[in-house]
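Close look at the chain arrangement
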Amino acid sequence: MGIQPIQSMRISTTMQTQMLLEQMRVNTLRMFDDQQQLATGRRLLVPSQDAAGASRALNISAVLSHQQQLQRNTAFADRFAAATEAALTGVRDIFNEAATLASQNVGVPADADQRAAAAAVVEGLISQLVSIANRQHEGIYLFAGQACDKPPFEEGSGGVVYKGDANPLSVNIDDVAPTRISLTGEQVFGAVSGQIKGWSALTPRVDASMRLADLQGAYRQGIRPGQVTIEEVGGAGVFTVDLTGAATLGDVTAAINAAAAAAGATITASLTTNGIRLDVDPAFDLSVSETGNGTTASDLGIERPAPGGALVGKFLLPRLTLSTPLSWLRMGMGIDQAGGLRLRNDNQTVTVDISTAQTVQDVINAINAAGIGAVASINAMNNGLNVQCRVSGSSLSIGEQSGTTATDLGIRSLHSGRKLADLNNGSGVGTVTGADIRIVARTGATVDVDLSGAKTVGDVLAAINAATGAAGVAVTADLTSTGNSIELVDATGGAGWIRVERMNFSPALEDLGLDVEGSPTNLVSRDVSAARPEGAFAVLQDLRRALDASDTAGITAAGERLKRLQQNTGAVQGQAAALGRLVAARQDRLEDAVLTSQSLLSDIQDADYTEVITRFTQAQTVMQATLMTGSRLMQMSLLDFLR
Amino acid sequence: MGLVSGALQHGKNALLSYQSALQVIGNNVSNAGVDGYTRQSPVLASRAGVPLPEGLMPGGGVALTALQRHIDEALETRLRNAIGQEQRSLAESEALVRVEALYNELTDEDLSSMLGAFFNTFADVQGNPLDVPTRGIVISTGQALASQMRRMRTELLDMHDQVNKDLVGVIRHANQLAGEVAGLNIEVVRAEASGQGAASSLRDQRDRVLRQLAELMDIQTAETPEGAVNIYIGNEPLVQYGQSRGLTASQEQVGDRTVVAVRFTDNNGTVRINGGQIAGLVSARDNHMHGQIKALDSLAANLIRQVNLLHSQGQGLDGLTDVTGAFAVSDPAAALNSEAAGLSFPPANGTFKIAVTDQTTGETVEYVVPVSLTGLGADSSLDDVVSYINANVGNLTASVTSENRLRLQADGNWSFTFSEDSSGVLAGLGMNAFFTGDSAANIGVDADLAAAPQRLAAALTRAPGDGGNAGRLAGLATAPLADLNNMSILDQWHSVVGQLAVASAAARHSGEASHNVSQSLQAQREAISGVNMDEEAVNLMRYQRSFQAAARYITLVDQLVDEMLAMVR
């Protein structure tokens, strides 16, 4: 606010005093304003002093506050990474010590007593490892993934059970995507490495009640609901269907039908087992296109012209979800629910009944509730199931109880597509040049089978059946209907017992589990399909057992596996260190960013002392001048000269 | 005529005239300090005289023929308008300063900071979802934010009502001033009709009252030939000669608030006022206080809706066992997005998931609940949702309470959680809500949640270490929302503060500008009508000297007469 110069021909006495008052008011105000700025150090005290500046200041403050939040997150991530690195050092020390024990006790100088003593030390190492694996930081279990409120590892039931989660903890440190800050038990200790991966797709059929969010869409881009243009060529012409609010496939067909009816078209929409189908009166043609730059029609797999009648949409690739009904699975074929599953964990066998299950979730719950450390989940592709074994030191296999349930679900451990190399915990099936096994039928007829070219269990069965067929011996090989075995059935009608013999010192006999006695007509193999977590605890337990039993071969094998564990730990430590570096770099950048924001904010809202003080001094001078001239002016009067 | 009668008469006229002129000067001097005083100056003219014996006519001496009132009526009108403008801006600016002081922005205790802090606490939970005290901080920050919004709204409402009270006083004052003008009109006309010339002091008084009235409202004036001033507001007369129609402050209901409006007393007609303090107060009340209340309500509604939308779909450390929605429907049989359902945040077509967990085994079963609101055929009502849940979701009982809220109860030893709500029905019904209420008047943190911070829905995957939902909630601070024209919640508030700052600055600048105009006009008026003491002193000397001269003249004539009489002896 300034004082406006007043142009006047004549100055009245009142005017003089009024002007003086006005000048004093303005000057006092100016000085008050400057004084306030000096007292608070702020240029902007209320936003209206500089609306544009205030607006910028508010935005910068918000950014600053967010950056400071990121700093706090980064600090947390830093502490967490440090704790993880410390724990990993402990893990590596334990592995080193175990490896030393293993190498010390392989050679000649060691005797059974020494090994037994070493076994006790390994026992202690296992406990130490469990304690490190269950280490906490700020109340969070480091290696439990997102299930970090409870200790992830529990000793008991013949091994160490992992109860943690597969998803790591994450923190927002850069606004791009949450940064993973924790390593799961799986990554560090290989706690769930033994896993039965579903081997057949369970892709559900589509249904009116299916959520659009559960469809991958015709081009695997999901369904992006928008508008779709449909033309009934020769009939009602073009009309638009708004699918913006559609949530389910039923909503889509209903909206198309409603829009078609409103436009007077004969077009009807319905669902096939795997997509959308549009029909039109045969007299007309039909064409579907995008509205504007939309993608809805192509996502729904119906974007194309369909001369002469029906438009059959593309496959919409529904995802398998927890709430998918079992009857929808396998494109609507469903699964055998009556048969049931047979889960085996070393010597413990459990039957899982899924006859009353409604949804995928029910099946998963039934498997998880079996109590032998099996954890089922939907795979990352959302089209099948995986079953993991969570007990380090024990193995898991899934077979049929009586029907085809496990096969239908794609989780039977032994199936014709199973690679031989995966059997026996990954040791595979060894073969030699020439015949590997000899089948001796009841009649005493023998058939030699060469398994060298076999890659899968199916190949083995085919090779046996081909050989017996060629030899004209009525012995057939197949998978058992119960459990997880290869079964040889002898229909030759002889008096002996069917049996299998080793040929050419081939290990295939044991590796296929055929080194057993069956009944006279049937020979059922051992289950060699089980999956076993190849984790730290399993290795240490094996080492302990081998030391206890003074089994040098076992000790050597465990020593070899320990080396792999050490390597893995090295790799994991590398990951943790990389996270540490990432966090440190982020902290540096954030510090710079915070500083920049603070200086920007200061530029806008902080007072420039030099400037304000200069202005204040100036205002003071002006004020003094005003008062002095004012008082002089007021004193002067002609009346003083009247006599 | 001769020496005695003629010459003495001249002297006497001169004495009387200058005596009167001195009185006029004296009046000017004594009124020099009176605001709005119009200076007068004596008009002295020579009189026509009797011819001299020589046949010449030197004139009959001097006479005070008139008193000139130094005034420019057009300037008075402009001055009144300028004062009206100034008062209007001043009233508006004062109100805005009060609102700005209430908002207290650009400090660490303002709503912007609290909003930022609130969203930041979610980010803390995202980093450490297990920590219950951190969750408690989210709740308490949310409560502080809600109470701050409620307090601000209450104070804005108080200011609004205070302006109404101020208006009542101001309107009464205006009414009284209009009455005074009418009274003065009568007196001026009467005084001037009796031939005493312009009734200067009465007119001054009337001008002063008119100026006071112009401070309150924009008036137009027209002077009648008789000397009365008629006052008009727009086209409507307020004062006609000696009659004022009267102004009344009337309490009226506009929407959900009470406002004070100005009406003519005689026919209860609306008075359209565009200037002066009254217009400023009305504008401050309607545009600023009521506008800010609406802006605050809109911010609160968005905050409640957006936070609840995300919060309702997340999961806490503990599952829910018995939840009653925070928001009731008017009619449980009406489609949920219809007027009849009456939800403040109506849902859209979509689905949501309920997961029911056996607390002993941890076994969870997930169900998809459809909320069909396509407008094609049967749209879902609350009753439909309840019956769908009861028919399809195991170990969970849904019901509609007597207040028409949704209630979900898990069987003993079971709990439930929500996820993936594409319909917004959970937020609409206030299930698993963070905030309750629908405006700044009633915003609050859900009482059940406040009592159990572990219920804070930080997770998306039901895992205790998952802070995914807390991360989404933290992101709300800066996330552009389609509902807000791609502004974020913080942006929305910043824009309110920015607009307030612009309005406040504009009102202040306009106040300063009109102050300068009125200062300048005042100076012009003073230049014409104001008293200058030095000038008066000069005039005083002038008339004193003239008076002294006239007195000397009479003395001289007296001596001449003495000389003549001496000849007789």
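Each remark here, short or long, concerns the structure printed above.
Starting afresh in each chain, residues are numbered from 1 along the sequence in its written order. Both sets of labels track the order of writing: A upward for chains, 1 upward for ligands. In keeping with the model being predicted, local features are shown solely for residues with a pLDDT of at least 70 and side-chain atom pairs are shown and tallied solely at 80 or more, while totals for entire chains, interfaces and linings include all residues. The basis for the side-chain values is all heavy atoms of the structure; hydrogens and waters are excluded.

**Details of the overall build of chain A**
In plain terms, the rule: Runs of H or I in DSSP of at least four residues are treated as helices and runs of E of at least two as strands, each being numbered from the N terminus. The reference for a compact globule is 2.2 Å times residues^0.38; the radius of gyration itself is calculated from the C-alpha atoms. Any two residues having at least one pair of non-hydrogen atoms within 4.5 Å are treated as being in contact. In this description, accessible areas are obtained by the Shrake-Rupley approach with a 1.4 Å probe, and a residue is regarded as covered only by the protein chains that are shown. By the counting scheme adopted, Arg and Lys are positive, Glu and Asp are negative, and His together with the chain ends is not counted. Charged groups are reduced to one reference atom each: NZ for lysine, CZ for arginine, CG for aspartic acid, CD for glutamic acid.
Helix and strand counts for chain A come out as 14 helices and 26 strands. Taken over C-alpha atoms, the radius of gyration comes to 40 Å for chain A, far larger than the 26 Å a tight globule of 643 residues would show. Projecting the C-alpha coordinates of chain A onto the three principal axes gives extents of approximately 165 × 90 × 40 Å. The contacts in chain A between residues at least 6 apart in sequence include a share of 65% that link residues at least 24 apart. For chain A, the computed accessible surface area is about 28,000 Å², with 53% contributed by carbon and sulfur atoms. One finds the centroid of the 48 positive side-chain charges in chain A at a distance of 5 Å from the centroid of its 64 negative side-chain charges.

**A short note on the pairing of strand β4 (residues 229–233) of chain B**
All names here are of chain B. Let me state the cut-off plainly: Under the scheme applied here, a residue whose accessible area is under 20% of the maximum for its type counts as buried, over 50% as exposed, and between as partly exposed, the area being computed with a 1.4 Å probe on protein chains only. Should DSSP find at least two bridges between two strands, the strands are taken to pair.
Most of β4 sits inside the fold, with 4 of its 5 residues counted as buried. Summarising the sheet, strand β3 (residues 220–223) and β4 pair through 4 bridges and their orientation is antiparallel. Looking at β4, one finds that threonine 221 is bridged to isoleucine 231. The turn linking β3 back onto β4 is made up of 5 residues, and glycine 227 within it adopts a positive phi angle of 105°.

**Some words on the sheet that holds strand β21 (residues 437–440) of chain A**
Residue and element names in this part refer to chain A. Applied cut-off: Convention adopted: a line fitted to C-alpha atoms gives each axis, helices being fitted over their contacting stretch, and angles between N-to-C directions are expressed from 0 to 180 degrees.
Overall, antiparallel pairing links the 3 strands, which are arranged β22-β21-β25 in an open sheet. Looking at which strands have only one partner, the edges of the open sheet turn out to be β22 (446–449) and β25 (499–502). Adjacent strand axes in the sheet meet at a mean angle of 25°, parallel and antiparallel pairs treated alike. The pairing of β21 with β22 spans 4 bridges and is antiparallel. Across the sheet, residue isoleucine 437 finds its bridge partner in β22, namely valine 449. Packed onto the sheet, helix α10 (residues 457–471) meets β21 and β22 and runs at close to 140° relative to β22.

**Let's talk about the interface of chain A and chain B**
The condition that has to hold: Once two parts are joined, some of their accessible surface, as seen by a 1.4 Å probe, is lost; buried area is that loss totalled over both. Salt bridge, as applied in this entry: a Lys or Arg side-chain nitrogen positioned within 4 Å of an Asp or Glu carboxyl oxygen.
Taken together, the 68 residues of chain A in the interface contact 63 residues of chain B. Counting the surface lost from both chain A and chain B, the interface buries some 5,300 Å², and carbon and sulfur atoms represent 55% of this. The largest contributions to the chain A side of the interface with chain B come from A:Arg10, A:Leu58 and A:Arg211, which together make up 14% of the buried area. Inspection of the region where chain A meets chain B yields 3 salt bridges. For B:Glu535, the salt bridge identified is with A:Arg10, shortest N-O distance 2.8 Å.

**Quick word on the sheet that holds strand β24 (residues 486–490) of chain A**
All names here are of chain A. Overall, antiparallel pairing links the 3 strands, which are arranged β23-β24-β26 in an open sheet. Edge positions in the sheet fall to β23 (475–479) and β26 (522–524), since each has one partner strand and no second. Sheet twist, expressed as the mean angle between neighbouring strand axes with direction ignored, is 15°. Examined bridge by bridge, β24 and β26 share 3 bridges and lie antiparallel to one another.

**A look at unusual backbone geometry**
Residue and element names in this part refer to chain B. For asparagine 268, which is not glycine, the phi torsion reads 60° and is therefore positive. With respect to the secondary-structure elements, asparagine 268 resides in the loop between β8 (257–264) and α6 (276–311). What makes asparagine 268 partly exposed here is its relative accessible area of 49%. Of note, the phi angle at asparagine 395 is positive, near 60°, even though the residue is not glycine. Here asparagine 395 shows up in the loop between α7 (382–392) and β12 (396–400). We classify asparagine 395 as partly exposed; its relative accessible area is 29%.

**Describing the pairing of β22(A)**
Residue alternation in β22(A) divides its side chains into a buried set, A:Val447 and A:Val449, and an unburied set, A:Thr446 and A:Asp448. Linking β21(A) back to β22(A) in an antiparallel pair, the connection comprises 5 residues, with A:Gly444 at a positive phi of about 90°.

**Some details on helix α13 (residues 552–605) of chain A**
An α-helical turn contains 3.6 residues, so a residue and the one three or four places further along point in the same direction. Put simply, the rule reads: Helix span, expected: 1.5 Å multiplied by one less than the number of residues in the helix. N or O atoms within 3.5 Å of each other form a polar contact, as long as, within protein, one can give a hydrogen and the other can take it, and as long as residues adjacent in sequence are counted only when both atoms are side-chain atoms.
Here α13(A) contains 54 residues, and its C-alpha end-to-end distance of 77 Å stays within 8% of the 80 Å for a straight helix at 1.5 Å per residue. The backbone nitrogen of A:Ala553 has a side-chain oxygen 3.2 Å away, supplied by the residue at the start of α13(A), namely A:Asp551.

**A few points about the pattern of salt bridges**
Should their charged atoms come close, side chains of opposite charge can pair. Applying the stated criterion across every chain yields a total of 46 salt bridges over all chains. Residues A:Arg211 and A:Asp214 are paired through a salt bridge, measuring 3.0 Å at the closest nitrogen-oxygen approach. Between A:Asp448 and A:Arg438 there is a salt bridge, and its shortest N-O distance comes to 2.8 Å. One end of the pair, A:Asp448, is in strand β22; the other, A:Arg438, is in strand β21, with 10 residues separating them in the sequence. For A:Arg438, a relative accessible area of 27% gives the class partly exposed. Each member of the salt-bridge network shares a partner with another, and the members are A:Arg211, A:Asp214, B:Lys353, B:Glu366, B:Glu420 and B:Arg462.

**Some thoughts on the packing of helix α4 (residues 132–193) of chain B against helix α5 (residues 200–216) of chain B**
Residue and element names in this part refer to chain B. Filter applied, for reference: In what follows, roughly perpendicular refers to angles from 65 to 115 degrees, roughly parallel to angles under 35, roughly antiparallel to angles over 145, and oblique to any angle outside these ranges. By convention the crossing between two helices is left-handed if the near helix lies anticlockwise of the far one by an angle smaller than a right angle, and right-handed if it lies clockwise.
Remark: α4 packs on α5, axes separated minimally by 9 Å, with the N-to-C direction vectors making an angle of 155°. With respect to their mutual orientation, α4 and α5 come out roughly antiparallel. In this structure, α4 meets α5 at a crossing whose hand is left-handed.

**Section: the environment of B:Gln277**
Residue and element names in this part refer to chain B. Residue placement: glutamine 277 occurs in helix α6. On the accessibility criterion, glutamine 277 (24% relative accessible area) is partly exposed. A sequence separation of 187 residues divides glutamine 277 from leucine 90, and the C-alpha atoms of the two residues are 7.7 Å apart. Ignoring sequence-local partners within four residues, the contact set of glutamine 277 consists of Gln87, Arg88, Ala91, Val170, Glu215, Leu216 and Met217.

**Quick look at the packing of aromatic side chains**
Aromatic ring pairs are defined here through the distance separating the ring centres and the angle between the ring planes. Stated precisely, the cut-off is as follows: Think of it this way: a Phe, Tyr or Trp ring, Trp meaning its six-membered ring, pairs with another when their centres are within 6.5 Å, and the plane angle makes it stacked under 30 degrees, edge-to-face over 60, tilted otherwise.
According to the stated counting rule, one finds 17 aromatic pairs over all chains in the structure shown. Relative to B:Phe119, the ring of B:Phe118 has its centre 5.3 Å away and its plane inclined at 55°; by these criteria the two rings are tilted. By way of ring pairs, the aromatic residues A:Phe143, A:Phe153, A:Tyr162, A:Phe189 and A:Phe537 are connected into one cluster.

**Here's the deal with the side chain of A:Arg561**
Residue and element names in this part refer to chain A. Mapped onto the fold, arginine 561 is located in helix α13. Using a relative accessible area of 15% as the deciding quantity, one classes arginine 561 as buried. Those residues in contact with arginine 561, other than ones at most four positions away along the chain, are Arg532, Glu534, Ala538, Val539 and Asp542.

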